Amino acid sequence: MDTLNTALTHDNKTFEGITYTGKAIKNREFQSCVFKKCDLSETDLSHNKFLECIFQDCNLSMVALNGATLNDITFINCKILGVNFSDCLSFLFGVKFDSCILDYSSFMGRKMTKTQFYKSSIKEVTFSQANLAGSSFSGSDLMGAVFNRTDLSSVNFVDAQNYIIYPELNNIKNAVFSSQGLAGLLTAYQIKIV
């Protein structure tokens, strides 16, 4: 469907049920648009601007985001496997995730303070050298997620599961953990908690 490629700018539009896999949509601007039940997997979305948009029930697995702008973007119940968010422009980068599958994605080096990761699968995701200060992983599964030289100050890990964080490699000042989650901080020391 070429409706995504017909105009250079799209304001307050809803795109529903669009299948546009393995193609390219470039140099477009989407302002306050809603994408519902769209399959954009393996689509090249490089150099697009997404401003105040919502993606709901979409498949965005393996999309390319080279030079893309993601400003105030909400992803709800989306499948976003293997996406390199590090390729997005840093300026105004702002996203939040609710009930999404983000497995094997990367936020390496990304500044994303106060980002919400709510009830999401975040397995094997790379957060190395990212600034996540003030963010929340409430209800999320972080099995295999990589935190290395990551700013996790004031991050909420209450109700998060399966994380392993090395306190000596990351800034965890004022981060909040549940008592059940303390094992994720001590795993590196080969300590058994009973």
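Just above, that's the structure.
Everything in this summary refers to the structure shown in the same document.

What counts as what
- Residues numbered from 1 in each chain as written.
- Predicted model: local features only at pLDDT ≥ 70, side-chain atom pairs only at ≥ 80, totals over all residues.
- Heavy atoms only, no water.
- Phe/Tyr/Trp six-rings, centres within 6.5 Å; stacked < 30°, edge-to-face > 60°.
- Helix = DSSP H or I, 4+ residues; strand = E, 2+ residues; numbered from the N terminus.
- Buried < 20%, exposed > 50% of the residue type's maximum accessible area, 1.4 Å probe, protein only.
- Lys NZ or Arg CZ within 6 Å of the ring centre and 35° of its normal.
- Pairing = 2+ DSSP bridges.
- Axes fitted to C-alpha atoms, helices over the stretch in contact; angles between N-to-C directions.
- Core = buried A, V, L, I, M, F, W, Y, C linked by side-chain atoms within 4.5 Å.
- Contact = heavy atoms within 4.5 Å.

**Some thoughts on the packing of aromatic side chains**
Consideration 1: Inspection of every chain in the model, using the stated rule, returns 26 aromatic pairs.
Consideration 2: With a centroid separation of 5.3 Å and an interplanar angle of 15°, the aromatic rings of Phe-55 and Phe-75 are classed as stacked. Pair noted here: Phe-55 is in strand β6 (residues 54-56) and Phe-75 is in strand β8 (residues 73-76), with a separation of 20 residues, a long-range link. The same class applies to Phe-55 and to Phe-75, which are both buried.
Consideration 3: Sitting over the ring of Tyr-20, Lys-23 keeps its end group 5.2 Å from the ring centre.
Consideration 4: It is Arg-110 that lies over the ring of Phe-93; its NZ or CZ is 4.6 Å from the centre.

**So, the sheet that holds strand β4 (residues 34-36)**
Consideration 1: Spatially, 6 strands are ordered β2-β4-β6-β8-β9-β10 in an open sheet, and the strand pairing comes out parallel. The open sheet is flanked by β2 (14-16) and β10 (117-118), the only strands paired with a single partner.
Consideration 2: Pairing analysis gives 4 bridges linking β8 to strand β9 (residues 95-98), with the strands arranged parallel. Considered in β9, the bridge of Thr-74 is made with Lys-96.

**Focus: the sheet that holds strand β7 (residues 69-71)**
Consideration 1: As summarised here, the arrangement of the 4 strands in space is β1-β3-β5-β7, forming an open sheet in which the pairing is parallel. The two strands at the open ends of the sheet, each matched to only one other strand, are β1 (9-11) and β7. Averaged over all adjacent pairs, the angle separating strand axes in this sheet is 5°, with direction ignored.
Consideration 2: Pairing of strand β3 (residues 29-31) with strand β5 (residues 49-51), which is carried by 3 bridges, proceeds in the parallel orientation. Bridge pairing links Glu-29 to Lys-49 in β5.

**Some details on the nonpolar core**
Consideration 1: Membership of the largest hydrophobic core comes to 53 residues, with the highest contact counts inside it found for Phe-35, Phe-55, Phe-127, Phe-137 and Phe-157.
Consideration 2: Secondary structure elements with two or more residues in this core: β8 and β9.
Consideration 3: Look past the residues within four positions of Phe-137 in its chain and what remains in contact with it is Phe-117, Ile-122, Phe-127, Leu-132, Leu-142, Phe-147, Val-155, Asn-156, Phe-157 and Ala-160.

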